[in-house]
Amino acid sequence: QVQLVESGGGLVQPGESLRLSCAAAGTDFSGASMVGWYRQAPEKQRELVASIERRGDIDYADSEKVRVDISRDSAKNTMDLQMDSLKPEDTTIYYCNVRTWKVISQSYWGQGTQVTVSS
């Protein structure tokens, strides 16, 4: 059973930073086909923020690549998302995702962590 738990969200003022973390059980980030962070605003489609492929290739959303950094820690089996210069528009729920391959591809999601940017 694969289980993902996000943490690090909260209330911050505009211009401040947050570091989100995702802890995994039942799978490891190093062996996954792809790991990444997504966000979903109310009544909108879930969208990619940043991802890491198995071989280490990193992909960022064009609108976020200058403000975010994604990384993974094999020893702790965690994945982080560093977000700088936060704006009120960044307010939404952020989700951790892991995609694995064993005969077929499978995708797993955490329950999300709330980020609120307000003065």
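Residues numbered from 1 in each chain as written. Predicted model: local features only at pLDDT ≥ 70, side-chain atom pairs only at ≥ 80, totals over all residues. Heavy atoms only, no water.

### Observations concerning the pairing of strand β10 (residues 104-109)
Here is step 1: Sheet topology note: the strand β9 (residues 92-102)/β10 ladder contains six bridges and is antiparallel. Residue pairing in the sheet places W101 in a bridge with S105 of β10.
Here is step 2: Once β9 ends, the chain turns through one residue before running back antiparallel as β10, passing V103 with a positive phi of about 75°. (Pairing = 2+ DSSP bridges. Helix = DSSP H or I, 4+ residues; strand = E, 2+ residues; numbered from the N terminus.)

### Some thoughts on the side chain of S51
Here is step 1: Relative to the elements of secondary structure, S51 occurs in strand β5 (residues 47-53).
Here is step 2: For S51, the contacting residues outside a window of four places in its chain are M34, V35, G36, D57, I58, D59 and I70. (Contact = heavy atoms within 4.5 Å.)

### As for the sheet that holds strand β1 (residues 3-7)
Here is step 1: Read from one edge to the other, the open sheet built from four strands follows the order β1-β3-β8-β7, with strand pairing classed as antiparallel. Each edge of the sheet is formed by a strand with only one pairing partner; in this case those strands are β1 and β7 (68-73). The sheet shows a mean angle of 15° between the axes of neighbouring strands, direction not considered.
Here is step 2: Sheet analysis places β1 next to strand β3 (residues 18-25), joined by five bridges and oriented antiparallel. Bridging from a neighbouring strand, Q3 pairs with A25 of β3. (Axes fitted to C-alpha atoms, helices over the stretch in contact; angles between N-to-C directions.)

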